[in-house]
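Structural characterization, general
Each chain, letter by letter, is given below.
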Amino acid sequence: MNLLTFVLQAQPQAPAGAGWSMWLMIILIFVVMWFFMIRPQRKQQKELEKFRSGLKHGDKVVTIGGIYGTVEEIKDKTVLIKVDGDVKLKVDKNSLVKDFSETVQ
């Protein structure tokens, strides 16, 4: 008996269903990850797009940088917001989120 046949005989054999159960676990992990992470994120992104496309004069908004203001003028990609008094800022539409400060109180 040579060394090669001894090594081949000494290796343990995997159970017959081990390959399928491994693939089942991997698929289950991806399904759970999609259900708890990707799906809610897509839903939130759709709501944000709906909000941005439905902006109108007088809506209260917050920029990503934390600046609170009121919508004065809306263009294709930019929005003019009134910050304080006569101070107005022109910001990108994608940098706006809804102002929830009044609804929380």
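For the structure, see preceding data.
Throughout what follows, the structure given in this document is the object of discussion. (Residues numbered from 1 in each chain as written. Predicted model: local features only at pLDDT ≥ 70, side-chain atom pairs only at ≥ 80, totals over all residues. Heavy atoms only, no water.)

From N to C terminus, the protein includes three helices and five strands. Mapped in sequence order, the helices and strands of the protein form the string α-α-β-β-β-β-β-α. Counting only residues that meet the buried cut, the protein has 15% of its 105 residues in that class. Excluding contacts between residues fewer than 6 apart, the proportion of contacts in the protein whose partners are at least 24 apart in sequence is 32%. (Helix = DSSP H or I, 4+ residues; strand = E, 2+ residues; numbered from the N terminus. Buried < 20%, exposed > 50% of the residue type's maximum accessible area, 1.4 Å probe, protein only. Contact = heavy atoms within 4.5 Å.)

A few words on the packing of aromatic side chains. Under the defined criterion, the tally for this structure stands at one aromatic pair. Ring centres of F35 and F36 lie 5.3 Å apart, and the angle between their planes is 85°; on these two criteria the pair is classed as edge-to-face. Accessibility expressed as a relative area gives 59% for F36, which makes it exposed. (Phe/Tyr/Trp six-rings, centres within 6.5 Å; stacked < 30°, edge-to-face > 60°.)

Moving on to the pairing of strand β2 (residues 68-74). With three bridges connecting them, strand β1 (residues 60-63) and β2 associate as antiparallel partners. Bridge assignment links V61 to a residue of β2, and that residue is G69. Across four bridges, the pairing between β2 and strand β3 (residues 78-84) is antiparallel. Counted as the bridge partner of E73 is L80 from β3. As consecutive antiparallel partners, β2 and β3 are separated by three residues. (Pairing = 2+ DSSP bridges.)

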